[in-house]
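Summary of structural features
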Amino acid sequence: MPLLFLGQDLTQFDPHGYDESRRGGVAIPDTSHMSPGEHIRIWCTFFIVAMFARYTGPYMPRVGLPAIMGFMITGIIAGPFVLQVIKSQDILFLQYINMFALAFITTSAGAELEMKELRPILKNIVASTTCISVLSFGVCAGMVLALSDTSLLAQLMDGRSDSCRMGLALIMGTICMARSPATAIAIIKELRSKGKMTTTFLSITVLSDVYVLVAVSITVSIAQSACSGTEFKVANIGVVLGMIVVSILLGIPIGLFYIVLMRSTRFFVKALVFPMGFLIFLCSAFFATEVAYKVAPDMPLHIEALLICIMSGFVCVNHSKV
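For clarity, every value in this text was computed on a predicted model and none was experimentally measured.

1. Here's the deal with helix 9 (residues 162-177)
Between its terminal C-alpha atoms helix 9 stretches 23 Å, which fits the 22 Å expected from 16 residues at 1.5 Å a residue. Those residues of helix 9 not exposed but buried are Cys164, Arg165, Gly167, Leu168, Ala169, Leu170, Ile171, Gly173, Thr174 and Met177.

Spelled out as structure tokens, the structure:
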């Protein structure tokens, strides 16, 4: 998820104009130029497509595929690259839906990780995730670099220096490292799977996201330096690691707050859990665009909402008997 914007913008990668505030992958959309009619059209279109996907998904198991494939296929067909029912500019407006969905998915992912199941296999999880990430990164970056002089990557690589091509290949390698917690959670819930294999699979997916957050900050900084001829700032790596630690620590009190909400006997109090996740993403996006980017535009000061939600779900499920 944090790399979707890189995949969309890579062919137009501009080292001078790259917006650091978008590195978290979710930004507050600017809708000041849109009329009320445009707002209504986009929301109505989205809900029609969502309802169609809702009825398409259940047919997928009949052909041996998970229901989420129906949702994805509907999105592809209705999206800007096929029928254009939902246009490219509409996707930016729907970032609020993205925030709410990511909050729910990542908190659910954290809640699936029970410490009593993780403890015996923790070393294997770290080793497996490291091997998978390194192999995915190396193979993908190597292939992109090997094909950089061919017509397959002409749009991306033409007119760029060798060092810039290397930087872009590293970004592509980082994209290949990314896993999908959304897909993992959807399949686990659909199949009602439990056990050591499920815990290992989900843990690797979640830990991969941590690796990706570090890798994307490093590789984008390298690509910026290589393509613009400026000096690579090693200090940025320390800042990224520090912000990851801060994000994890912020998830602890939020998880404890979830426990307080869940212990309430009043339904509307328990229901506050859902908007809380959205608020985390909203605050993270606001911090990136309105605070960090303006105060220190050259430093990757980004609170990772994904990690906060994962950690809050993890704390909630491991310290609560609700």
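The rest of the description comes next.
2. A few points about helix 12 (residues 235-262)
With 28 residues, helix 12 ought to run about 40 Å at 1.5 Å a step, and its terminal C-alpha atoms sit 41 Å apart, in line with that. Of all the positions in helix 12, only Asn236, Val239, Val240, Met243, Ile244, Ser247, Gly251, Ile254, Gly255, Tyr258, Ile259 and Leu261 are classed as buried.

3. Structural notes on the pattern of salt bridges
One pass over the structure, following the stated rule, counts one salt bridge. Where Lys116 meets Glu114, a salt bridge forms, and the shortest distance between an N and an O atom there is 3.9 Å. Given a relative accessible area of 63%, Lys116 falls into the exposed group.

4. Topic: the packing of helix 2 (residues 36-56) against helix 3 (residues 67-78)
Two numbers describe how helix 2 lies on helix 3: the axes approach to 8 Å, and their chain directions differ by 140 degrees. Pair helix 2 / helix 3 crosses with right-handed handedness. Listed contacts from helix 3 to Val49, Phe52, Ala53, Arg54 and Thr56 of helix 2 are Gly70, Phe71, Thr74 and Ala78. Classifying every residue of the contact of helix 2 with helix 3 by side-chain character gives five nonpolar, three polar and one charged.

5. Brief notes about the packing of helix 9 against helix 11 (residues 196-228)
Following both chains from N to C, one finds helix 9 and helix 11 inclined at 165 degrees, their axes separated by 8 Å at the closest point. Classified by the angle between their axes, helix 9 and helix 11 sit roughly antiparallel to one another. Here the hand of the crossing between helix 9 and helix 11 comes out left-handed. Here Ser163, Cys164, Gly167, Leu168, Leu170, Ile171, Thr174 and Met177 of helix 9 come into contact with helix 11, specifically with Ser208, Tyr211, Val212, Ala215, Val216, Thr219, Val220, Ile222, Ala223, Ala226 and Cys227. Split into classes, the residues belonging to the contact of helix 9 with helix 11 amount to 14 nonpolar, five polar and no charged.

6. Some remarks on the side chain of Thr198
Secondary-structure assignment places Thr198 in helix 11. With sequence-adjacent residues up to four places away left out, Thr198 is seen in contact with Ile188 and Ser193.

7. A word on the packing of aromatic side chains
Evaluation of the coordinates by the stated rule reveals five aromatic pairs. Both rings, one in Trp43 and one in Phe46, keep their centres 6.4 Å apart while their planes meet at 85 degrees; by these two values the pair is edge-to-face. Here Trp43 pairs with Phe46, and both are found in helix 2, just three residues apart, close to one helical turn. Under the relative-accessibility criterion, Trp43 is labelled partly exposed at 25%. Judged by centre distance (6.5 Å) and plane angle (45 degrees), the rings of Phe100 and Phe278 are tilted. One end of the pair, Phe100, is in helix 5 (residues 95-111); the other, Phe278, is in helix 14 (residues 273-295), and 178 residues separate them in sequence. When its relative accessible area of 39% is taken as the criterion, Phe100 is described as partly exposed. Residue Phe278 is classed as partly exposed on the basis of its relative accessible area, which comes to 21%. Following the ring pairs from residue to residue traces out a cluster consisting of Trp43, Phe46 and Phe47.

8. Some words on the environment of Ser217
Checked against the element boundaries, Ser217 lands in helix 11. As a C-alpha pair, Ser217 and Thr174 span 43 residues in sequence and 9.7 Å in three-dimensional space.

9. A look at the state of the cysteines
Applying the stated criterion to the full structure yields one disulfide. Shown here is the disulfide that connects Cys140 with Cys176, its sulfur atoms set 2.3 Å apart. Note that Cys140 is positioned in helix 7 (residues 122-146) and Cys176 in helix 9, a separation of 36 residues in sequence. Using a relative accessible area of 13% as the deciding quantity, one classes Cys140 as buried. Exposure remark for Cys176: the relative accessible area of 32% places this residue in the partly exposed category.

10. Here we look at the confidence of the model for the protein chain
Per-chain confidence: the protein chain averages 78 in pLDDT, with 85% of residues scoring 70 or above. For the protein chain, the element scoring lowest by mean pLDDT is helix 1 (residues 4-9), at 38; helix 7 scores highest, at 90. pLDDT under 50 marks residues 1-25. Its contacts with residues more than four places away, or in other chains, come to 62 contacts.

Cut-offs used in this document
- Residues numbered from 1 in each chain as written.
- Predicted model: local features only at pLDDT ≥ 70, side-chain atom pairs only at ≥ 80, totals over all residues.
- Heavy atoms only, no water.
- Helix = DSSP H or I, 4+ residues; strand = E, 2+ residues; numbered from the N terminus.
- Expected span 1.5 Å × (residues − 1).
- Buried < 20%, exposed > 50% of the residue type's maximum accessible area, 1.4 Å probe, protein only.
- Salt bridge = Lys/Arg side-chain N within 4 Å of Asp/Glu carboxyl O.
- Axes fitted to C-alpha atoms, helices over the stretch in contact; angles between N-to-C directions.
- Left-handed = near helix turned anticlockwise from the far one by under 90°.
- Contact = heavy atoms within 4.5 Å.
- Nonpolar A, V, L, I, M, F, W, Y, C, P; charged D, E, K, R; others polar.
- Parallel < 35°, antiparallel > 145°, perpendicular 65-115°, else oblique.
- Phe/Tyr/Trp six-rings, centres within 6.5 Å; stacked < 30°, edge-to-face > 60°.
- Disulfide = S-S within 2.5 Å.
- pLDDT = per-residue confidence, 0-100.

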